[in-house]
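This is what each chain is made of:
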Amino acid sequence: MTDLKPITPLGAGAARIHTIGQVTISENPDRSMASLTTRKGKADAVRLVAKTALGLDLPGPGQSTISGDFTAWWTGPDQWMIDADHAQYELLAAHIAQAIGPVASVTEQTDGWCRFDLTGSGSVALLERLCPADVPTMQPGQATRTLLHHLGCFVICSTAGFSVLGPRSSAGSLHHALIEAAHSVA
Amino acid sequence: MSINRLTGGLIDHASPLQFTFDGKTFEGRKGDTLASALLANDVRLMGRSFKYHRPRGVLSAGSEEPNALVELRSGARREPNTRATTVELFDGLTADSQNRLGSLKFDALGVNDVFHRFFAAGFYYKTFMWPKAFWEKLYEPMIRHAAGLGSISLQDDPDVYDKGFLHCDLLVVGAGPAGLAAALTAGRAGARVILAEEDFLLGGRLIADTGTLTDMSGADWVGTAQAELATMDNVRIMPRTTVVGAYDHGVYGAVERISDHLAVPEDGKPRQVFWRIYSKRALVCAGAIERPIAFENNDRPGVMLAGAVRAYANRWAATPAPSVVVFTNNDDGHRTAADLVAKGVSVPTIVDTRDTAPDMQGTEVLAGAQIADTKGRLGVKSVTVKLINGQTRVIPCGAVAVSGGWNPNLGLTCHQRGRPVWSEKILSFVPGGDLPQGQSVAGAANGETSTHSALASGAQGAVDALESIGLTAQAGDLPAAEDRPVSVSPFWYVQGAKRAWVDFQNDVTVKDIKLSHQEGFRSVEHLKRYTTLGMATDQGKTANLTGLAVMAELTGKTIPETGTTIFRPPYTPVAMGALAGRSVGKAFHPTRLTPSHHWAAEQGAEFVEVGNWLRAQYFPRPGETHWRQAVDREVLATRSSVGVCDVTTLGKIDVQGADAAAFLNKIYANGFAKLAVGKVRYGLMLREDGIAYDDGTAARLAEDHFVVTTTTANAVPVYRNMEFARQCLWPDLDVQLISTTEAWAQYAVAGPNARKLLQKIVDPEFDITNDAFPFMACGEITVGGGLRARLFRISFSGELAFEIAVPTRYGDALIRRLMDEGQEFDLTPYGTEALGVMRIEKGHATGAELNGTTTALNLGMGRMVSKKKDCIGNTLSERDGLNTADALALVGLKPKGDGQIMTGSHLMAASGPVDAAHDQGYVTSAAYSPILESSIGLAFVKNGSNRLGETMRAVNPLEGGELLVELVSAHFVDPEGGRLRD
């Protein structure tokens, strides 16, 4: 176990949480992420082995699924992002690559992203101020790629609320935009 | 309160509001606009005209207002050219009239009106010709000062603005009878509806007129409809929201004024939101705008549109004067007279241009008569009426309510160049066939002028629009409402009038249009440019049709033959702040921070913007007074011991798949197929046209796994190009790509002690000695007790160097650990400046050399372009023109003696002319080398590689100066590369 201490995307030791009006914005550094892309012509094999080896249902466009420890969402043709609890799966990419085998390419994505979870009744109004996706109609189990404050982000809808994932190096800018929008709709 | 405040209306008589106009305090009522409150206070004079500085009052009761423009608020919030008719009154509001010199009542520039003969349309094209130089310096500033509108505060806008995004099945623009009927119809059918209304109250003419809907007043019916809509989750009612533009694919722009009715926005709240509305269908129910009739001195304060006078009386309980003469060519003018009389306002006379004007009980109707002139310096005191028998009569009055008929509000229907078509029924243009995709029109905006027809067409419009997207709706029962036929006669202006205003905002008269015709500017577009008719903030909403009618008469053509004018977005003026949204100041674009940013900031680093990244430029130490001192120190420390630099910003692309090597072999100009696992290779990418594009490295982590690095600037374009190549050029290859730029924190550790330092950090089971981990090796290792990491033996500085990468969350800890462990080696952090100095000393190219015009041959890397394989750009790199004997080649430069080489200088022979014809090359990079204790540079010189030792002049004609320089090898430091391999 390394003695090097991680910091969150916002640069602190602990995640930042703000409640403004009817929405709570929580920095969430506790997820591991890996991309999963099928090798040429291996889409069926990947779906099968994902199901048998990991219990993972790989969703279609615009969808996300939760299967056991893993959440997967569609990111492109034959391409998904998978996330899991960081404490349990710090080596998520290696774990998935091992389980799926040579029919897929798996790449560690954990620290490529920052993640902010939005909860509360103000979440939809907040996102309406920031991204062109049709957020009010999103249902738990839906995920989309969209732009927030010029940044390419994922917006994922779950029963808990929404999660916004953006490029980690711009975590401060994305967080600032979320906070401003929260005040706007408070 | 003034005699001009009536009873009733939709204002709250129990809620007084204080406001000031030109410093004088007045009292209005909640529900007033600034215009209605001023009228109620007997203020008719609200501004001065654009060119002649004539006294002007309010003309309309809506956003089409050309005259009553004021500077609203004060200080940094001052907003010029605000239409008093759309300003919702609030307590403490301050407004000032604009475009005056002195007071509003005694405007010194009113002298312009006395000399109006010299200020006819186009006067400045003819008058201010000589001397030529005076135009820019004297005449134009003078004219601009004298003519014009309000002035801006010149301070930063203290308010914030949001952007936002909405989606709907049906966007209903306007909440008058048609819009409300449409929203109810679509809402009841379960469709997602947005109902946007620019006013702060819904209802449109229903709350301005007195008719009933079945057994309810218009206002009551609107209240019922609004209450029903408010219960529907699928309907979003947006008052104070102006739809300003119709764009492609059903996208509309709309400005919602969140806080404009407040003195100051609430904490954290935006002043306005600029919404982008994605609609499947849009129904424009934007109503109609009344047009004036032009007659002599028809611009005096108190001369107003009849429908507006009626609206002020009915909705705002205000009248411009106790006595109002009506001038009309249609039946609607008579409605105004009837409503005013019902409100207790005196209407001495209705002047109707039609010989067959209808009678009105209790009010004199002068059929076949016209208003020949008005009197009153700062407001109408009387009108001179020319009777049907040719006699004239003077009638005292305080206002004139003019109705020339109603023009459909075409704005949004024209935004994609849709041409309206002429309707003989209403003597106006109605929306034509070429509407924006998914748009339809209902109500008065479509020429349906009665309340009944507006309701019916709105409901049916919603049914039809929804049906076209597969939704079923029922028009339902509509309330009974008036269904009067249109009765209007063509009457545009009073013959013989000299100064009869057509466009109030631009001071364009009938005479100006005649002059335009006389001088040959007869097409509509020429008329507009010559006279400025239809320009400025109101886009000629009340003027365009009358202007066309006058021109049609002069040319002997019909109005539709004469032409149409169409409208561009925005429908009404939009604050620049609303267009900018939150992208202002430091939030103009997102900022990217490196993993070591917080640590570097603690060290007092100076940062530099590199794209969106902030990178440490140098790390000044106490006592250093100039950036060069820090940079020189960082270079010397690195070359003598060890330095560390955050290089995370370089693009990283993960390339996997059975054909990954074959793919890279096509992407790079040099070969990659045979790169061994555990090795890195420098790679050069070309554009399709053979010009050098980007350089970097590719590390082979496994047979089917590479990590490609790109320059910081090209991280995104290279990834995009590779993705294009993968999907489109070679879709049969088994290769997968994903960016990992941000996932790994990467540091360059360079200098003779680099290995010794890293050996303290890399876990002991990994051997990084020169034998085990030689130059250009790479591998997956662990550091700091088991943390996964990647190590690359690559060097940009020319020293023994490594790049080490860890997951980004550990980047902060790693730089701190390196600094701690590096104390014994005097480890020195270095920034982009020292990085640049060292790469110039080493002769490494960057974007300054890969500048979009240079080839591999120019860069001295011609032999890297493999002839044995196909790759992007190799064919066109063989073009004759790129391979001449005297092609530019990269060389080093040293000054002869003292002197500083300047980037951008051009190289000329040591003697001879200095001009473009004798240009032999240019300097791409320059720096002071603390190792050589001299200025050095890199340059492209014709046939340069064969001219080392030659003396040339580096000339800088832009800033002056020239310098004798010697052409030398570009590799100033360690040309054999021994240090890299130590």
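Here the structure is a predicted model, which is why all the values come from computation and not from measurement. (Residues numbered from 1 in each chain as written. Chains lettered and ligands numbered in written order. Predicted model: local features only at pLDDT ≥ 70, side-chain atom pairs only at ≥ 80, totals over all residues. Heavy atoms only, no water.)

J.: So what exactly am I meant to see when it comes to the overall build of chain B here?
T.: Broken down by element type, chain B carries 21 helices and 50 strands. Counting only C-alpha atoms and orienting by the principal axes, one finds that chain B spans roughly 115 × 70 × 55 Å. Going through the 982 residues of chain B one by one, you find that 60% of them count as buried. The contacts in chain B between residues at least 6 apart in sequence include a share of 66% that link residues at least 24 apart. In the structure as shown, chain B presents an accessible area of about 38700 Å², 53% of it carried by carbon and sulfur atoms. Within chain B, the 110 negative side-chain charges are centred at a point lying 4 Å from the centre of the 98 positive side-chain charges. (Helix = DSSP H or I, 4+ residues; strand = E, 2+ residues; numbered from the N terminus. Buried < 20%, exposed > 50% of the residue type's maximum accessible area, 1.4 Å probe, protein only. Contact = heavy atoms within 4.5 Å. Areas by Shrake-Rupley, 256 points an atom, 1.4 Å probe, with all protein chains shown as cover. Lys, Arg positive; Asp, Glu negative; His and termini not counted. Charge placed at Lys NZ, Arg CZ, Asp CG, Glu CD.)

J.: Hey, could you run me through the packing of aromatic side chains in this one?
T.: What characterises a pair of aromatic rings is the spacing of the ring centres plus the angle enclosed by the ring planes. On inspection of all chains with the given rule, the structure shows 15 aromatic pairs over all chains. With 5.7 Å between their ring centres and 70° between their planes, tryptophan 73 of chain A and phenylalanine 154 of chain A make a pair best called edge-to-face. Within this pair, whereas tryptophan 73 of chain A is found in strand E5 (residues 70–76), its partner phenylalanine 154 of chain A is found in strand E10 (residues 151–158), the two being separated by 81 residues in sequence. Residues tryptophan 73 of chain A and phenylalanine 154 of chain A agree in their burial class; the two are buried. Each residue in the set Trp73, Trp113 and Phe154 of chain A is aromatic and connected to the rest through ring pairs, giving one cluster. Geometry around phenylalanine 154 of chain A places arginine 145 of chain A over its ring, the cationic atom sitting 4.6 Å from the centre. Its guanidinium or amino end placed over the ring of phenylalanine 672 of chain B, arginine 681 of chain B lies 5.8 Å from that ring's centre, counting from NZ or CZ. (Phe/Tyr/Trp six-rings, centres within 6.5 Å; stacked < 30°, edge-to-face > 60°. Lys NZ or Arg CZ within 6 Å of the ring centre and 35° of its normal.)

J.: Got a minute to help me understand a nonpolar patch on the surface in this structure?
T.: Residue and element names in this part refer to chain B. A cluster of nonpolar side chains, Val111, Val114 and Phe115, forms an exposed patch at the surface whose accessible area comes to about 280 Å². When you line up the elements, valine 114 lands in helix H2 (residues 111–114). On the basis of relative accessibility, which here comes to 62%, the residue valine 114 falls in the exposed class. (Patch = residues over 30% accessible without salt bridge, like charges linked within 9 Å, V, L, I, M, F, W, Y side chains within 5 Å. Salt bridge = Lys/Arg side-chain N within 4 Å of Asp/Glu carboxyl O.)

J.: Just to check I follow, could you spell out the pairing of E5 of chain A for this structure?
T.: For a regular strand, side-chain orientation follows a simple rule: the groups alternate between the two sheet faces. All names here are of chain A. Counting buried residues along E5, five of its seven residues qualify, which places the element largely inside the surrounding structure. Note: strand E4 (residues 64–67) against E5, four bridges, orientation antiparallel. Bridged to isoleucine 66 within E5 is threonine 71. Joining the antiparallel neighbours E4 and E5 is a turn of two residues, in which glycine 68 adopts a positive phi near 60°. Sheet topology note: the E5/strand E6 (residues 79–85) ladder contains five bridges and is antiparallel. What sits directly across from tryptophan 73, in E6, is methionine 81. Connecting E5 to the next strand, E6, in antiparallel fashion are two residues, including aspartate 78 with a positive phi near 55°. (Pairing = 2+ DSSP bridges.)

J.: Any chance you could explain the environment of valine 550 of chain B here in plain terms?
T.: Residues and elements named next belong to chain B. With respect to the helices and strands, the residue valine 550 is situated in helix H12 (residues 544–555). Look at valine 550 and you get buried, because its relative accessible area is 0%. Note: C-alpha distance between valine 550 and lysine 514 (36 residues apart in sequence) is 7.9 Å.

J.: I'm lost on the sheet that holds strand E7 (residues 93–97) of chain B in this one. Help?
T.: What holds strands together in a sheet is hydrogen bonding between their backbones, with the strands either parallel or antiparallel. All names here are of chain B. Strand order in the open sheet formed by five strands is E2-E1-E7-E5-E6, with mixed pairing between adjacent strands. Of all strands in the sheet, those with a lone pairing partner are strand E2 (24–30) and strand E6 (79–83), marking the two edges. Within the sheet, the average angular offset between the axes of one strand and its neighbour, ignoring direction, is 45°. Here three bridges tie strand E1 (residues 12–21) to E7, and the two strands are oriented parallel to one another. (Axes fitted to C-alpha atoms, helices over the stretch in contact; angles between N-to-C directions.)

J.: Just to check I follow, could you spell out the domain arrangement of chain A for this structure?
T.: Quoted interface sizes are often the accessible area lost when the parts come together. Residue and element names in this part refer to chain A. The domain architecture assigned to chain A consists of domain 1 (17–29 + 112–185) and domain 2 (31–110). Between domain 1 and domain 2, the residue contacts involve twelve residues of the former and twelve residues of the latter. Taken together, both faces of the contact between domain 1 and domain 2 bury some 1000 Å²; the carbon and sulfur share is 52%. A per-residue breakdown of the area domain 1 buries against domain 2 is headed by Trp113, Ala143 and Phe154, which together make up 40% of the total. The tally of links between domain 1 and domain 2 comes to one salt bridge. Among the ionic pairs, arginine 115 bridges to aspartate 83, the shortest N-O distance being 2.8 Å. Where domain 1 meets domain 2, there are seven residue pairs in polar contact (both at pLDDT 80 or more). For the side of domain 1 that touches domain 2, the secondary-structure elements that each account for two or more residues are strand E8 (113–119), strand E9 (142–148) and E10. When residues of the side of domain 1 that touches domain 2 are assigned to their parent elements, the largest contribution, three residues, is made by E10. Residue composition of the side of domain 1 that touches domain 2, grouped by class: seven nonpolar, four polar and one charged. (Domains from an automatic or database assignment. Buried area = accessible area lost by both parts, 1.4 Å probe. Polar contact = N/O pair within 3.5 Å; in protein donor to acceptor, adjacent residues only side chain to side chain. Nonpolar A, V, L, I, M, F, W, Y, C, P; charged D, E, K, R; others polar.)

J.: How should the interface of chain B and chain A be read in this particular structure?
T.: With 55 residues of chain B at the contact, the number on the chain A side is 48 residues. Summed over both sides, the interface between chain B and chain A buries roughly 4300 Å², with carbon and sulfur atoms accounting for 47% of that surface. Scanning the region where chain B abuts chain A turns up nine salt bridges. Residue glutamate 128 of chain A pairs with arginine 236 of chain B through a salt bridge whose shortest N-O separation is 3.1 Å. Summed over the shared surface of chain B and chain A, the number is 39 residue pairs in polar contact (both at pLDDT 80 or more). Elements with a contribution of two residues or more to the side of chain B that touches chain A: strand E8 (161–173), strand E15 (272–284), strand E31 (592–593), strand E35 (651–656), strand E39 (736–739), strand E42 (787–792) and helix H20 (811–821) of chain B. The biggest single contributor to the side of chain B that touches chain A is E8 of chain B, with six residues. Residues that form the side of chain B that touches chain A fall into these classes: 24 nonpolar, 15 polar and 16 charged.

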